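# Results of the structural survey
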Amino acid sequence: ALAKDDSVGAVVLFIDSGGGAASAAEAMTSALEALAKKCPVVVYMNTVAASGGYYVATAGRWIVAQPGTITGSIGVTVGKPITNDLFERLKVNRYDFTRGRNVNILSDRVPFDDSQRDIMRHLIEQDYALFLQRVSDARGMTPEAVDVVGGGRVWTGEQALNHGLVDELGGFSAALKRARDYADLPEHAPII
């Protein structure tokens, strides 16, 4: 909607997220990149902008974080709890109707077998490579340099600035000023 609105001169993206699904982060980032082709997108990181929250920030032209913002966590992980015994103890009977070798790969009834573990490792490595590339493209770093500060490591905003993951330390007003500067808008331009 913002990309179609001609009255929008710039966007400040407010992020306060510890992350989430890689597919959701990729979908949001793709939409934000389309928006960034129309107008400048400046990112403001509130208390947390980690993992998927940082992933989404890569669509911005400029990233502002507070000194104590928790950010980074450039990494991908998958967890699968095994709860089958729990359901048996609760006297809940379940039956899976399955067809195909890996249809139950994410089932909580059985652990991964070696083949499924290899599949999941491949998917994790594929998602991590895409994450590294997104950050690399956005920050003007090589994927290898991103990996040095990536690997799931978590940084404060101040540390992230030192590692080249953010552009400026400040509050929302700093991000707003930067967005107005990029869009060549006056200081009194309305905020919607």
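In short, a report on the structure. (Residues numbered from 1 in each chain as written. Predicted model: local features only at pLDDT ≥ 70, side-chain atom pairs only at ≥ 80, totals over all residues. Heavy atoms only, no water.)

### Some words on the pairing of strand β1 (residues 11-17)
Definition in use: The rule for pairing is simple: two strands pair if DSSP sees at least two bridges between them. In this description a helix means any DSSP run of H or I spanning at least four residues, a strand means any run of E spanning at least two, and both kinds are numbered starting from the N terminus. Orient the strands so they point away from the viewer, and a crossover whose first-strand-to-second-strand path over the helix runs clockwise is right-handed.
Relative to strand β2 (residues 41-50), β1 runs parallel, the two sharing six bridges. Considered in β2, the bridge of S17 is made with A49. Traced from β1 through helix α1 (residues 22-36) to β2, the parallel crossover comes out right-handed.

### Quick look at the environment of R101
Inclusion rule: Categorising residues by exposure relies on relative accessible area from a 1.4 Å probe, with only protein chains included: less than 20% of the type maximum marks a residue as buried, more than 50% marks it as exposed, and the intermediate range marks it as partly exposed. Here, two residues are considered to be in contact whenever any of their heavy atoms come within 4.5 Å of each other. Pairing of N or O atoms within 3.5 Å defines a polar contact, subject to two protein rules: one partner must be a possible hydrogen donor and the other a possible acceptor, and residues neighboring in sequence count only if both atoms are side-chain atoms.
In this structure, R101 sits in the loop between α3 (84-89) and α4 (114-139). Judged by relative accessible area, R101 falls into the exposed class, the value being 52%. Sequence separation between R101 and Q116 is 15 residues, and the spatial gap between their C-alpha atoms is 9.5 Å. Once you skip the residues sitting within four places of it in the chain, R101 turns out to touch D113, S115 and Q116. In terms of polar contacts, R101 uses its side chain to reach the side chain of D113, at 3.1 Å. Only 3.4 Å separates the side chain of R101 from the side chain of S115, close enough to count as a polar contact.

### Some thoughts on the nonpolar core
Just so we agree on the cut-off: Residue types Ala, Val, Leu, Ile, Met, Phe, Trp, Tyr and Cys, when buried and joined through side-chain atoms within 4.5 Å, form a set referred to as a nonpolar core.
The biggest cluster of nonpolar side chains holds 31 residues, and the ones touching the most others in it are M45, Y54, I74 and L165. Elements represented by at least two residues in this core include exactly β1, α1, β2, α2 (52-57), β3 (62-65), α4 and α5 (143-149). The contact partners of M45, leaving out residues within four places of it in the chain, are I15, Y54, A57, I63, V64, A65, Q66, T69, T71 and V166. Counting residues in each nonpolar core, the second largest holds seven residues, with V42, W62, V64 and A179 among its members.

### Topic: α4
The cut-off we apply is this: Multiplying one less than the number of residues by 1.5 Å gives the expected span of a helix.
Between its first and last C-alpha, α4 extends 37 Å over 26 residues, near the 38 Å set by a 1.5 Å rise per residue. By the burial criterion, the buried members of α4 are Q116, M120, Y128, F131, L132, R134, V135, S136 and R139. Contact partners of the buried residues in α4: α1, α2, β3 and α5. The backbone nitrogen of S115 lies 3.1 Å from a side-chain oxygen of the residue at the head of α4, namely D113. Looking one or two residues past α4, G140 carries a phi angle of roughly 65°, positive in sign.

### Here we look at the packing of aromatic side chains
Worth spelling out the cut-off: Between the rings of Phe, Tyr and Trp (Trp by its six-membered ring), a pair exists once the centres lie within 6.5 Å; its type follows the angle of the planes, with under 30 degrees stacked, over 60 edge-to-face, and the other angles tilted.
The full count for this structure, using the stated rule, is three aromatic pairs. Ring centres of Y55 and F131 lie 4.8 Å apart, and the angle between their planes is 50°; on these two criteria the pair is classed as tilted. Highlighted residues: Y55 in helix α2 and F131 in helix α4, separated in sequence by 76 residues. Taken individually, Y55 and F131 each receive the classification buried, so the pair is uniform in this respect. Within the aromatic cluster, the residues linked to one another by ring pairs are F14, Y44 and F172.

### Some remarks on the layout of surface pockets
A water-sized probe rolled over the atoms picks out the places where empty space is left. To be explicit about the condition: Think of a 1 Å grid over the protein atoms and nothing else: a 1.4 Å probe that fits but is trapped marks a cavity, an open set flanked by protein within 12 Å on at least five of seven lines marks a pocket, and residues with an atom within 4 Å of a point count as lining. Grid points are joined across faces, edges and corners, and a volume is the space filled by probe spheres set on the points. Amino acid classes used here: Ala, Val, Leu, Ile, Met, Phe, Trp, Tyr, Cys and Pro are nonpolar; Asp, Glu, Lys and Arg are charged; the rest, including Gly, are polar.
Volume-wise, the largest pocket comes out at about 420 Å³. Taken together, 17 residues make up the lining of the largest pocket; nearest its centre are V8, A10, P190, I191 and I192. Breaking the lining of the largest pocket down by element, the ones donating at least two residues are β1 and α7 (172-183). No other element matches α7, which puts four residues into the lining of the largest pocket. Counted by class, the lining of the largest pocket contains 13 nonpolar, two polar and two charged residues. Empty space within the second largest pocket amounts to approximately 350 Å³.

### Some thoughts on the side chain of R134
If you trace the backbone, R134 turns up in helix α4. For R134, the contacting residues outside a window of four places in its chain are E26, T29, S30, E33, Y55 and T58.

### Digging into unusual backbone geometry
Phi at S51 is positive, roughly 50°, even though this residue is not glycine. By the secondary structure assignment, S51 is in the loop between β2 and α2. The class of S51 is buried, set by a relative accessible area of 16%.

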